[in-house]
Amino acid sequence: DAGITQSPRHKVTETGTPVTLRCHQTENHRYMYWYRQDPGHGLRLIHYSYGVKDTDKGEVSDGYSVSRSKTEDFLLTLESATSSQTSVYFCAISESVEEQFFGPGTRLTVL
Amino acid sequence: GQQLNQSPQSMFIQEGEDVSMNCTSSSIFNTWLWYKQDPGEGPVLLIALYKAGELTSNGRLTAQFGITRKDSFLNISASIPSDVGIYFCAGHKGGNQFYFGTGTSLTVIP
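My aim in this report is to walk through the structure given alongside it, one point at a time.

Cis rather than trans, the peptide bond between Ser-7 of chain A and Pro-8 of chain A has omega equal to -10 degrees. Looking at the secondary structure, you find Pro-8 of chain A in the loop between strand S1 (4-7) and strand S2 (10-13). The step from Ser-7 of chain B to Pro-8 of chain B runs through a cis peptide bond, and the omega angle for that step is -5 degrees. Here Pro-8 of chain B lies in the loop between strand S1 (5-7) and strand S2 (10-14). Here the phi dihedral of Asn-28 of chain A falls at roughly 60 degrees; this positive angle occurs in a residue that is not glycine. When you line up the elements, Asn-28 of chain A lands in the loop between strand S3 (19-25) and strand S4 (31-38). Here Asn-28 of chain A falls in the exposed class, since its relative accessible area comes to 59%. Within the chain, Lys-53 of chain A stands out as a residue other than glycine whose phi angle is a positive 70 degrees. Assignment of secondary structure puts Lys-53 of chain A in the loop between strand S5 (42-51) and strand S6 (54-57). Judged by its relative accessible area of 68%, Lys-53 of chain A falls in the exposed class.

Before going further, it helps to spend a moment on the nonpolar core. Trp-34, Leu-74 and Leu-106 of chain B are the most contacted members of the largest nonpolar core, which totals 22 residues. Taken together, the elements giving at least two residues each to this core come down to S2, strand S3 (19-24), strand S4 (31-37), strand S5 (44-49), strand S7 (61-65), strand S8 (71-76), strand S9 (85-92) and strand S11 (104-109) of chain B. Ignoring anything within four residues of it in the chain, the contact list for Leu-106 of chain B reads Met-11, Ile-13, Val-19, Ile-76, Asp-83, Val-84, Gly-85 and Tyr-87 of chain B. Formed by 19 residues, the second largest nonpolar core is a distinct cluster that contains Ile-4, Leu-21, Tyr-89 and Ile-93 of chain A.

This paragraph deals with the pairing of S9 of chain B. The side chains of a regular strand alternate between the sheet's two faces. Residues and elements named next belong to chain B. The buried count for S9 comes to 7 of 8 residues, which makes it a mostly enclosed element. Here 7 bridges tie S4 to S9, and the two strands are oriented antiparallel to one another. When the sheet's bridge partners are listed, Trp-34 is paired in S9 with Cys-89. In terms of strand pairing, S9 meets S11 through 3 bridges, oriented antiparallel. Paired with Ile-86 across the bridge in S11 is Ser-105. Two elements, S9 and strand S10 (residues 98-100), share 3 bridges in a ladder whose sense is antiparallel. Along S10, the bridge assignment pairs Ala-90 with Phe-100.

The interface is formed by 22 residues belonging to chain B together with 23 residues belonging to chain A. Carbon and sulfur atoms supply 54% of the area that chain B and chain A bury against each other, a total of about 1,800 Å² over both sides. Taken as a group, Asn-96, Phe-98 and Phe-100 of chain B account for 31% of the area that chain B buries against chain A, more than any other trio of residues on that side. At the junction of chain B with chain A, the criterion picks out 0 salt bridges. Linking chain B to chain A there are 3 residue pairs in polar contact (both at pLDDT 80 or more). Within the residue set of the side of chain B that touches chain A, elements represented by two or more residues are S4, S5, S9 and S10 of chain B.

The rules behind each value
Counting of residues starts from 1 at the beginning of each chain's written sequence and follows it residue by residue. For naming, the first written chain is A and the first written ligand is 1, with later ones following in the order written. Only residues with pLDDT of at least 70 get local features here, since the model is predicted, and only at 80 or more are side-chain atom pairs given and counted; chain-wide, interface and lining totals rely on the full set of residues. Calculation of side-chain values draws on the structure's entire complement of heavy atoms; hydrogens and water are dropped beforehand. Elements are defined by DSSP. Helices are runs of H or I of four residues or more, strands are runs of E of two residues or more, and each kind is numbered from the N terminus. A 1.4 Å probe rolled over the protein chains alone gives each residue an accessible area, and that area as a share of the maximum for its type sets the label: buried under 20%, exposed over 50%, partly exposed in between. Put simply, buried Ala, Val, Leu, Ile, Met, Phe, Trp, Tyr and Cys residues joined by side-chain atoms within 4.5 Å make one nonpolar core. In what follows, a contact means two residues having at least one pair of non-hydrogen atoms within 4.5 Å. Following DSSP output, two strands are said to pair if at least two bridges run between them. By buried area we mean how much accessible surface two parts lose on assembly, using a 1.4 Å probe and totalling the loss over both. In the sections that follow, a salt bridge refers to a side-chain nitrogen of Lys or Arg positioned within 4 Å of a carboxyl oxygen of Asp or Glu. In protein, a polar contact requires one atom able to donate a hydrogen and another able to accept it; more generally it is a pair of N or O atoms within 3.5 Å, and residues adjacent in sequence count only if both atoms are side-chain atoms.

See the structure below:
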């Protein structure tokens, strides 16, 4: 299995608070991705990164920001969490654009 | 955003039976991936397909890249209880984005 960790694995927070999720990889892969997974929607791309300090938006990027200051870390920030952001968040990595490997996920609940 | 149409949505089968599921799109894809997800875990890559018509096996799993490049199929032979989970297809057609199906939930009855 690819070396990907996510932290925290579970988080409960209140509406309006900032939240940061961390993805850490030990594979030195170029590409990193953040997805959210919701019933009936499958996996939807929030943001992705194609190198240090190089990021771009996915299909559901509103309300989220990301940063990648090192190859191994990709942070996802919810500036002011809302209940609609309650979800399971997955980080994924890839070296080529032909395969992706997923982390274990973070379950976020916004009350 | 674009999603892939995956069917069936769920399956209930007896242990030992074979399983077939498929994924279709209105767009052409260059790569098809199949993942399995267990409860509380991230998706795990099972098989990757890179060429139209390609047939690839991984143990009891066999996947095919459709000739039209708009579909892919996954077969599981002689199912066992640990095959239980949700199976996702994913496609890539250029750029940096992958597109995902909504999953097939498989239940294997011992």
